[in-house]
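# Descriptive analysis of the structure
Chain by chain, the residues run as shown.
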Amino acid sequence: MSSNDFLVLKNITKAFGKSVVIDNLDLTIKRGTMVTLLGPSGCGKTTVLRLVAGLESPTSGQIFIDGEDVTKSSIQNRDICIVFQSYALFPHMSIGDNVGYGLRMQGVNAEERKQRVKEALELVDLAGFEDRFVDQISGGQQQRVALARALVLKPKVLLFDEPLSNLDANLRRSMREKIRELQQRLGITSLYVTHDQTEAFAVSDEVIVMHKGKIMQKAPAKELYLRPNSLFLANFMGESSIFAGTLSQGNVNVNGYQFPLANAEQFGLADGECLVGIRPEAVSLKNTGEASQQCQIKSAVYMGNHWEIVAEWGGKDLLVNGKPEDFDPNAQQAYVHLSEQGVFLLAKE
Ligand SMILES: Nc1ncnc2c1ncn2[C@@H]1O[C@H](COP(=O)(O)OP(=O)(O)O)[C@@H](O)[C@H]1O
Ligand SMILES: [Mg+2]
């Protein structure tokens, strides 16, 4: 463990009765970074947060915070805050008292409390809201109060459990930008849980994709997208079409169409048969090409900034993201050209 490994989960397993919900999970978050757990409902995300916070104890395994084994520490001694989907504010208390509640529990005196509450509200752009009540502010503002209530305590680790799920789309975007900005500015080590890919990409240094209590891949967003490590990831993360192909000395062959893939090595495959994943935006449809590149247009839907096209190529569907100026909607057929960015290789199953 390096001194920069701030939150570390080692071989964590959690079973409820006979059902194993978290299966031998290893996870490291570097000091001051934000990592997202992304996965469908029921895959175990909240359970991981509850284990980190000390609301559950693991069946086996260890949890470290800043080098210290906290596996058996109480909730209070872990110095962690969680921001939930439901804001869980006290309706009978003013905003200032809500934000200052944790400080009061810690015995911080009134004067310092007032100052820190003021600063925390400023951080979330709610300066001067101390005397209002919860029912006098909007849902988005309530979630910012919940964030201020966590930030004011200056926790070692900040946990977020789908914090934006109750907000509408516009607010979700501005709130996630706010969370990311504050997390970076204050350098708080954070673990963020969501089932929303856009959110995961927007807020985090690294994304961990979870499935049935296991980690499927952990990487920065761009790498997850450009280099998924399995068919599961390829299908989970964005759209792609998967073809059988071959790799030979940096050249890929699909349906008889051969093209060089300069970054082929990074996929770690030996020459021979493989699977070739093609992201829709890696395809351009042109008027000319070899016979092997010829495809039939099955459908094309205008989406404003692009066409969503399904072409049939070598007997299989190929999803294409067509640029409006390039694509002729009356075309019956076209030729497939691939750009390297957005083509990935996987081992044959
Ligand atoms: N206290 C519990 N007792 C029994 N099963 C639980 C308990 N908490 C969670 N689970 C089960 O663990 C699995 C993962 O739940 P959870 O961590 O809440 O998933 P997520 O947050 O990804 O939706 C689910 O199948 C859920 O039913
Ligand atoms: Mg959950």
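Look up a bit, the structure's there.
Below: a short report on this structure. (Residues numbered from 1 in each chain as written. Chains lettered and ligands numbered in written order. Predicted model: local features only at pLDDT ≥ 70, side-chain atom pairs only at ≥ 80, totals over all residues. Heavy atoms only, no water.)

### Things to note about the sheet that holds strand E10 (residues 214-219)
Sheets are built from strands paired through backbone hydrogen bonds, the pairs being either parallel or antiparallel. Rule in force here: Two strands form a pair only when DSSP identifies at least two bridges running between them. Strands here are runs of E lasting at least two residues and helices are runs of H or I lasting at least four, both read from the DSSP assignment and numbered beginning at the N terminus. In this analysis, axes come from line fits to C-alpha atoms, helices being fitted only over the stretch in contact, and the angle between any two N-to-C directions falls in the range 0 to 180 degrees. Here, two residues are considered to be in contact whenever any of their heavy atoms come within 4.5 Å of each other.
In spatial order, the strands read E6-E7-E8-E3-E9-E10; together these six strands make up an open sheet with mixed pairing. Both edges of this open sheet fall to strand E6 (80-83) and E10, since each of them pairs with a single strand only. Averaged over all neighbouring strand pairs, the angle between strand axes comes to 20°, with direction disregarded. Taken strand by strand, helix H5 (residues 169-186) contacts strand E3 (34-38), strand E7 (157-161) and strand E8 (189-194), and its axis lies near 140° from that of E3.

### A look at the site of ligand 1
Let me state the cut-off plainly: Put simply, a residue is near a molecule or strand once any heavy atom of it comes within 4 Å of that molecule or strand. What qualifies as a polar contact is a pair of N or O atoms within 3.5 Å, subject to a donor-acceptor requirement within protein and to the restriction that residues adjacent in sequence count only when both atoms come from side chains. Reported accessibility uses the Shrake-Rupley method at a 1.4 Å probe radius. Residues are deemed covered only where the shown protein chains occlude them. Note on residue classes: Ala, Val, Leu, Ile, Met, Phe, Trp, Tyr, Cys and Pro are nonpolar, Asp, Glu, Lys and Arg are charged, and everything else, Gly too, is polar.
Every residue near ligand 1 is listed here: Phe16, Val21, Pro40, Ser41, Gly42, Cys43, Gly44, Lys45, Thr46 and Thr47. Contact between ligand 1 and Thr46: an oxygen atom at 2.8 Å from a side-chain N or O atom of the residue. Taken by itself ligand 1 offers 570 Å² of open surface, and the protein chains cover 55% of this. Looking at the shell around ligand 1 residue by residue, the class counts come to four nonpolar, five polar and one charged.

### So, the packing of helix H2 (residues 95-105) against helix H4 (residues 139-151)
A packed helix pair is summarised by two numbers, namely the angle formed by the two axes and the spacing between the axes. The condition is simple: Note: crossing handedness is left-handed where the near helix turns anticlockwise from the far helix by less than a right angle, and right-handed where it turns clockwise.
Relative to each other, H2 and H4 sit at 35°, their axes nearing to 7 Å. Between H2 and H4 lies a crossing whose hand is right-handed. Between H2, through Ile95, Asn98 and Val99, and H4, the contact on the second element is made entirely by Val145, Ala148 and Arg149.

### Observations regarding the packing of aromatic side chains
For clarity, the threshold we go by: Aromatic rings from Phe, Tyr and Trp, taking only the six-membered ring of Trp, are treated as a pair when their centres fall within 6.5 Å; an angle between ring planes under 30 degrees marks them as stacked, one over 60 as edge-to-face, and anything in between as tilted. Relative accessibility under 20% of the residue-type maximum defines a buried residue, over 50% an exposed one, and the middle range a partly exposed one, all with a 1.4 Å probe and only protein chains included. Two conditions define a charge sitting above a ring: the NZ of Lys or the CZ of Arg must be within 6 Å of the ring centre, and it must be within 35 degrees of the ring normal.
Using the criterion set out here, one finds seven aromatic pairs in the structure. Centroid distance Phe232 to Phe236: 5.7 Å. Interplanar angle 10°. Geometry classified as stacked. Taken together, the residues span about one helical turn, with Phe232 and Phe236 both in helix H8 (residues 231-236) at a distance of four residues. Judged by relative accessible area, which is 24%, Phe232 ranks as partly exposed. Chaining the aromatic ring pairs together yields one cluster made of Phe243, Tyr257, Phe259 and Trp313. The cationic tip of Arg132 hangs over the ring face of Phe129; the distance from NZ or CZ to the ring centre is 4.1 Å. Against the face of Tyr225 rests Arg279, its NZ or CZ located 4.0 Å from the ring centre.

### Re the pattern of salt bridges
A side chain with one charge may pair with a side chain of the opposite charge, provided their charged atoms come close. To keep it simple, the criterion reads: In the sections that follow, a salt bridge refers to a side-chain nitrogen of Lys or Arg positioned within 4 Å of a carboxyl oxygen of Asp or Glu.
According to the stated counting rule, one finds 16 salt bridges in the structure shown. When the shortest N-O distance is used, the salt bridge between Glu181 and Lys178 registers 3.6 Å. Of this pair, Glu181 and Lys178 both sit in helix H5, three residues apart, roughly one helical turn. When its relative accessible area of 35% is taken as the criterion, Glu181 is described as partly exposed. Residue class for Lys178 comes out buried when judged on its relative accessible area of 10%. Note that Glu181 and Arg185 form a salt bridge whose closest N and O atoms lie 2.9 Å from each other. With a gap of four residues between them, Glu181 and Arg185 both fall in helix H5, about one helical turn apart. A single salt-bridge network, built from bridges that share partners, covers Asp125, Lys178, Glu181 and Arg185.

Function cannot be read off these values alone, since they describe shape.
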